[in-house]
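The chain contents come next:
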Amino acid sequence: MTLPSSDGKERERLRELAEGRAAWHHWGPYVSERGWGTVREDYSDDGDAWRYFTHDHARSRAYRWNEDGLAGISDDEQYLCLSLALWNGRDAILKERIFGLAGPEGNHGEDAKEYWWYLDATPTHSWLRWRYVYPQATFPYLRLVDENARRTRQDPEFELADTGVFDAGYWEITAEYAKADPEDVLLRLTVRNAGRDHATLDLMPQLTFRNTWSWGEDPRRPQIKPAPQGLLAEHLVLGRRVLTLPGTPELIFCDNESNAERLFGTANPDIFPKDSINDYIVRGATVNPNKVGTRVAARYQLTLPSGGSTELRLRLAPDRRDLGDEFTEVMTARQQEADEFHASLVPEGVSPDRALIARSALAGVIWSKQYYHYNVGRWLDGDPAEPPPPAGRLGGRNAGWRHFDAADVLIMPDKWEYPWYAAWDLAFHCIPMAHVDPEFAKNQLVLLLREWYMHPSGQLPAHEWQFSDVNPPMHAWAALRVWEIDGRRDRRFLARVFHKLLLNFTWWVNRKDALGSNVFEGGFLGMDNIAPFDRSAVQPASGLLEQSDGTAWMALYCLTLLELSLTL
């Protein structure tokens, strides 16, 4: 299938982007819904990432590598993030990120315990829609943990809806983003009371600068402070950004720094740490009285009748912008252009329901982009301003990948359960992405073959939990499919990936066919490693584990490389 040739505003933006005339990808939905429990934030000796950095720590500990949040957007280097925080007046903590069970806690492994949806998106992020439902009763954090711990693998999972917490009603929060231009992002928040009675919600848009100053590399701090009708954020690289706000919300300032006293029992320096906003809202603790910081919340207390709704308008741009008629015009135009764009993708005769399913699925792929930051050499050695990591880490996970240095926007399998890329998942994700943004899909496939990802041996880094795992070699197949979807025109792209894939193919032949018999070993080669035992681990018996699926994947790899070479 080739992209339809019909014109439209979104396709014009894609052309501007591809030709370098406008940076429509500068701002996007690049904020993860979980930054805790990841390998790159794990500085433990035993590599137990889930227990080293827990959900309970997330509100109090500054992330080293990238941020998380609800309905979040950021620039493509994630210097500045805009996201949401919520409070129903009952919870012991603010709702600032998606909650779920760590891998050891879930009876079926890691598992998000919330309900949110990616409803709509365009590939330039000129239009985005997201929705979340938040209980009006106390969120049952402990009950979800305890009940799932009680259940066995043979039992079903205990979900949020099973707790009955929604019986008392819930808040429906919808976030819609639209771009007036590449640097002017509008946000419309719609809040609906889906409960039986009047209820009050604290809705808090948050601006956060990712912490780049605490690690001993560059101590210069950006700053957020009040401005007429909003907030002014100033950054050495990003420049000046103004978040225009409606009304007169309470502005609550702190620093994106760890709360050492809560986490480690040591005194905090002269700062108001990351969790100060949470502690101020929930129990009246102190925040920065000077109204300046690197993290700020604009607090709106909304009281609505049963079935009632209200709307808030915000705008992030280099200077203060209109929230009135111009705002309405931009939002209306971008939604209509999104309708036009997605309609152009649907073949004739497809029912409205099926078209909506396709549109929602593509929205999921676009919303699953994430800024991924991980310098393995620095991670192994530790930061100059931090204590050195335990010695055991130098010979542990990813120790042979010191060259790996990612600071890129990547398509993730999922921004909660898998907030890190996986090489073969990414290859599959590029197929649907090619239908809406072929240049981005091609760039993703090229990126994983670049020298800051690919090992000097030719191996592709599998996934964050263990780069040395062996994933099915899908890159060549994905490149050919993306090239076909893009109209079979970009031979330069095929040549770029082909030469690097020859290195990767050689790695397979040299390293994963020990007997030279064209029967391959490997490990993590089935559908998510489903097997009676872990094929990636060292086996208790001597000998080789020759795999039918590994050999089949290599047969596909051979055929695809042959087709690529004949095409070129």
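Above this text sits the structure in question.
Note that this is a predicted model, so its numbers are computed, not measured.

## Brief notes about the overall build of the chain
Phase 1 of the analysis: When helices and strands are tallied, the chain shows 14 helices and 18 strands.
Phase 2 of the analysis: At 24 Å, the chain has a C-alpha radius of gyration in line with the 24 Å of a compact globule built from 568 residues.
Phase 3 of the analysis: For the chain, the spread of C-alpha atoms along the three principal axes comes to 70 × 60 × 50 Å.
Phase 4 of the analysis: Going through the 568 residues of the chain one by one, you find that 57% of them count as buried.
Phase 5 of the analysis: Contacts spanning at least 24 positions in sequence make up 73% of the contacts within the chain whose residues lie at least 6 apart.
Phase 6 of the analysis: For the chain, the computed accessible surface area is about 23,200 Å², with 52% contributed by carbon and sulfur atoms.
Phase 7 of the analysis: Computing the positive centroid from 62 side-chain charges and the negative centroid from 82, the chain places the two 2 Å apart.

## Some remarks on the sheet that holds strand β3 (residues 80–87)
Phase 1 of the analysis: An order of β1-β2-β3-β10-β15-β14 is seen for the six strands of this open sheet, with the pairing classed as antiparallel. The two strands at the open ends of the sheet, each matched to only one other strand, are β1 (27–28) and β14 (250–254).
Phase 2 of the analysis: Here eight bridges tie strand β10 (residues 199–209) to strand β15 (residues 295–304), and the two strands are oriented antiparallel to one another. Bridged to L203 within β15 is Y300.
Phase 3 of the analysis: In the packing of helix α6 (residues 276–283) onto the sheet, contacts are made with β3, β10, β14 and β15, and the angle to β14 comes to roughly 135°.

## Some thoughts on the side chain of H25
Phase 1 of the analysis: Mapped onto the elements of the fold, H25 is located in the loop between α1 (9–18) and β1.
Phase 2 of the analysis: Judged by its relative accessible area of 14%, H25 is buried.
Phase 3 of the analysis: Once residues within four sequence positions are removed from consideration, H25 is found in contact with L17, Y30, D76, P123, T124, H125, K369, D437 and F440.

## Some remarks on the environment of L128
Phase 1 of the analysis: If you trace the backbone, L128 turns up in strand β7 (residues 127–135).
Phase 2 of the analysis: For the pair L128 and N398, spaced 270 residues apart in sequence, the C-alpha to C-alpha distance is 36 Å.

## So, the layout of surface pockets
Phase 1 of the analysis: Taken as a whole, the second largest pocket spans an internal volume of roughly 550 Å³.
Phase 2 of the analysis: Surrounding the second largest pocket, 24 residues form its lining, W215, S258, F264, E386 and P387 being those nearest its centre.
Phase 3 of the analysis: Its residues placed into classes, the lining of the second largest pocket shows 13 nonpolar, five polar and six charged.

## A closer look at the environment of H108
Phase 1 of the analysis: Along the chain, H108 turns up in the loop between β4 (100–101) and β5 (111–112).
Phase 2 of the analysis: Each C-alpha atom of the pair H108 and G37 lies 17 Å from the other, and the pair is 71 residues apart in sequence.
Phase 3 of the analysis: Ignoring anything within four residues of it in the chain, the contact list for H108 reads T152, R153, D155, P156 and E157.
Phase 4 of the analysis: Among the polar contacts made by the side chain of H108, one reaches the main-chain carbonyl oxygen of R153 at a distance of 2.8 Å.

## Describing the side chain of D75
Phase 1 of the analysis: Relative to the assigned elements, D75 resides in strand β2 (residues 70–75).
Phase 2 of the analysis: Of the side chains with opposite charge, R210 lies nearest to the buried D75, which makes no salt bridge, at 6.8 Å.
Phase 3 of the analysis: Within the structure, D75 has its side chain in polar contact with the backbone nitrogen of L80 (distance 2.9 Å).
Phase 4 of the analysis: Contact partners of D75, with chain neighbours within four places excluded, come to H26, W27, Y30, L80 and L238.

## Let's talk about empty space enclosed by the protein
Phase 1 of the analysis: The final tally for this structure, using the stated rule, is five cavities of 30 Å³ or more.
Phase 2 of the analysis: In this structure, the largest cavity spans a volume of roughly 130 Å³.
Phase 3 of the analysis: Taken together, 16 residues form the lining of the largest cavity, with L460, N471, P472, P473 and W508 sitting closest to its centre.
Phase 4 of the analysis: The element that contributes the greatest number of residues to the lining of the largest cavity is helix α13 (residues 491–511), accounting for three residues.

## A look at the packing of aromatic side chains
Two descriptors summarise a pair of aromatic rings, namely the distance from one centre to the other and the angle between the planes of the rings.
Phase 1 of the analysis: Counting across every chain of the model gives 30 aromatic pairs.
Phase 2 of the analysis: Where F53 meets Y63, the ring centres are 5.3 Å apart and the plane angle is 15°; that geometry is what we call stacked. Taken together, the residues F53 in the loop between α2 (49–52) and α3 (55–58) and Y63 in the loop between α3 and β2 connect sequence positions ten residues apart. Taken as a pair, F53 and Y63 share a single burial class, namely buried.
Phase 3 of the analysis: Directly above the aromatic system of W24 lies the positively charged group of R13, at a separation of 5.6 Å from the ring centroid.
Phase 4 of the analysis: Residue placement shows R61 over the ring face of Y52; its charged tip is 4.9 Å from the ring centre.

## Things to note about helix α10 (residues 423–436)
Phase 1 of the analysis: In this model, α10 (14 residues) spans 21 Å end to end at C-alpha, consistent with the 20 Å of a helix rising 1.5 Å per residue.
Phase 2 of the analysis: For α10, the principal kink sits at C430 and spans about 30°; a proline, P432, occurs within the next four residues.
Phase 3 of the analysis: Counting buried positions over the 14 residues of α10 gives eleven, a clear majority of the element.
Phase 4 of the analysis: Within α10 the residues assigned to the buried category are A423, W424, L426, A427, H429, C430, I431, M433, A434, H435 and V436.

## Quick look at unusual backbone geometry
Phase 1 of the analysis: Positive phi outside glycine occurs at A71, with the angle close to 55°.
Phase 2 of the analysis: Examined against the element boundaries, A71 turns out to sit in strand β2.
Phase 3 of the analysis: Relative accessible area serves as the criterion here: at 1%, A71 is assigned to the buried category.
Phase 4 of the analysis: Not every positive phi belongs to a glycine, and N398 is a case in point at roughly 65°.
Phase 5 of the analysis: Structurally, N398 is set in the loop between α9 (376–381) and β18 (405–411).

## So, the nonpolar core
Phase 1 of the analysis: W130, L207, Y372, F404 and Y421 are the most contacted members of the largest nonpolar core, which totals 135 residues.
Phase 2 of the analysis: Ranked by the residues each element gives to this core, the list is headed by α10, at nine residues.

## What to know about α13
Phase 1 of the analysis: Taking 1.5 Å per residue as the helical rise, α13 with its 21 residues ought to reach 30 Å, and the 30 Å between its terminal C-alpha atoms agrees with that figure.
Phase 2 of the analysis: Within α13, the full set of buried residues consists of F493, L494, V497, F498, L501, N504, W507 and W508.
Phase 3 of the analysis: Packing partners of the buried residues in α13 comprise α11 (438–447), α12 (475–485) and α14 (548–567).

## A short note on the sheet that holds strand β9 (residues 184–193)
Phase 1 of the analysis: Reading across from one edge, β6-β7-β8-β9-β16-β13-β12-β11 is the order of the eight strands in this open sheet, with antiparallel pairing throughout. Edge strands, defined here as strands with exactly one partner in the open sheet, are β6 (116–121) and β11 (223–227). In this sheet, neighbouring strand axes are inclined to one another by 20° on average, regardless of whether the strands run parallel or antiparallel.
Phase 2 of the analysis: Here five bridges tie β11 to strand β12 (residues 230–235), and the two strands are oriented antiparallel to one another.

What counts and how
- Residues numbered from 1 in each chain as written.
- Predicted model: local features only at pLDDT ≥ 70, side-chain atom pairs only at ≥ 80, totals over all residues.
- Heavy atoms only, no water.
- Helix = DSSP H or I, 4+ residues; strand = E, 2+ residues; numbered from the N terminus.
- Rg over C-alpha atoms; globule rule 2.2 N^0.38 Å.
- Buried < 20%, exposed > 50% of the residue type's maximum accessible area, 1.4 Å probe, protein only.
- Contact = heavy atoms within 4.5 Å.
- Areas by Shrake-Rupley, 256 points an atom, 1.4 Å probe, with all protein chains shown as cover.
- Lys, Arg positive; Asp, Glu negative; His and termini not counted.
- Charge placed at Lys NZ, Arg CZ, Asp CG, Glu CD.
- Pairing = 2+ DSSP bridges.
- Axes fitted to C-alpha atoms, helices over the stretch in contact; angles between N-to-C directions.
- 1 Å grid on protein atoms, 1.4 Å probe; cavity = no way out; pocket = protein on both sides within 12 Å on 5 of 7 lines; lining within 4 Å.
- Points joined across faces, edges and corners; volume = space filled by probe spheres on them.
- Nonpolar A, V, L, I, M, F, W, Y, C, P; charged D, E, K, R; others polar.
- Polar contact = N/O pair within 3.5 Å; in protein donor to acceptor, adjacent residues only side chain to side chain.
- Salt bridge = Lys/Arg side-chain N within 4 Å of Asp/Glu carboxyl O.
- Phe/Tyr/Trp six-rings, centres within 6.5 Å; stacked < 30°, edge-to-face > 60°.
- Lys NZ or Arg CZ within 6 Å of the ring centre and 35° of its normal.
- Expected span 1.5 Å × (residues − 1).
- Bend = angle between axes of the 7 residues up to and from the residue.
- Core = buried A, V, L, I, M, F, W, Y, C linked by side-chain atoms within 4.5 Å.

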